[in-house]
Amino acid sequence: MSLRKIFTTPEDLLPRLDEHRARGETIVFANGCFELLHVGHVRYLAASKEQGDVLIVAVNTDDSVKQFKPDRQPVIPDFERFELVAALGVVDYVVPLPHRTPAELLEVLRPHIQTKGTDYTLDRIPERVVVEKYGGRVMIVGDPKDHSTTEMLAKLRRRDRGDS
C-alpha cells in the first residue's frame, strides 16, 4: 500500500535508509510540488529512479508552495499529493518538503544523488552546496520541460471561458 511509503517525519525514515546503505544501495532524492501530476512528473521521477536503487521524493507542502507561488493555492491538498506520488511504482518513499528548498531535508537524509529536472542548471540549484559538502552528487534528469502545471491550469481556464 502506498501509504506505507509516506514518512511525515523524515527522521523516521533514517533507519530504513541505513538498511539500504548497509546493502550498498544507492539512494536518490527528487523533489517537487506535483500540483497536478502529469507525464513530465512521471518521466522526471522515472529518470531519477534510474540513477540508483532507492528513490525518495520530497513533495512540497501547501504552505511551502505559497512561498514561491503566492498567486495560487495548490488544486490538490498536500496529503493527497503525497499519496499520489507514493502510488507510483518508481517511488520508494515520500516525505513532506515544508521549505522553499530541500536543503534541510538533504542534510538529514543525505542521499547519494539529488536529481533536478531539465528546467534547472547546476548553477541554479542552491542546495547543491549542501549535497556536495557531504559528498553527494547533483544530476539533471528527465525529458525537456514540455509539460507544466501552470500551462495545464491556464488551458483549463481557457476551456472554462470557452476560449480555444
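Structural notes, computed from the coordinates. (Residues numbered from 1 in each chain as written. Predicted model: local features only at pLDDT ≥ 70, side-chain atom pairs only at ≥ 80, totals over all residues. Heavy atoms only, no water.)

Moving on to the pairing of strand β3 (residues 93-97). Taken across its five residues, β3 has five buried, putting it largely inside the fold. In the sheet, strand β2 (residues 54-60) pairs with β3 via five bridges, with the strands oriented parallel. Its bridge partner being in β3, Ile-56 is matched across the sheet by Tyr-93. (Buried < 20%, exposed > 50% of the residue type's maximum accessible area, 1.4 Å probe, protein only. Helix = DSSP H or I, 4+ residues; strand = E, 2+ residues; numbered from the N terminus. Pairing = 2+ DSSP bridges.)

Our next topic: the environment of Ile-113. Following the sequence through the fold, Ile-113 ends up in strand β4 (residues 113-116). Distance in space between the C-alpha atoms of Ile-113 and Gln-51 is 7.7 Å, their sequence separation being 62 residues. Setting aside anything within four residues of it in sequence, one finds Ile-113 in contact with Thr-26, Ile-27, Val-28, Phe-29, Gln-51, Arg-137 and Met-139. (Contact = heavy atoms within 4.5 Å.)

Mapping Asp-63 onto the fold places it in helix α3 (residues 62-68). When the C-alpha positions of Asp-63 and Val-85 are compared, they lie 18 Å apart, and in sequence the two are 22 residues distant.

As summarised here, the arrangement of the five strands in space is β3-β2-β1-β4-β5, forming an open sheet in which the pairing is parallel. The sheet is open, and its two borders are formed by β3 and β5 (137-140), each paired with just one other strand. The sheet shows a mean angle of 25° between the axes of neighbouring strands, direction not considered. One ladder, built from six bridges, connects strand β1 (residues 27-32) with β2; its direction is parallel. If you follow Val-28 over to β2, its bridge partner there is Leu-55. (Axes fitted to C-alpha atoms, helices over the stretch in contact; angles between N-to-C directions.)

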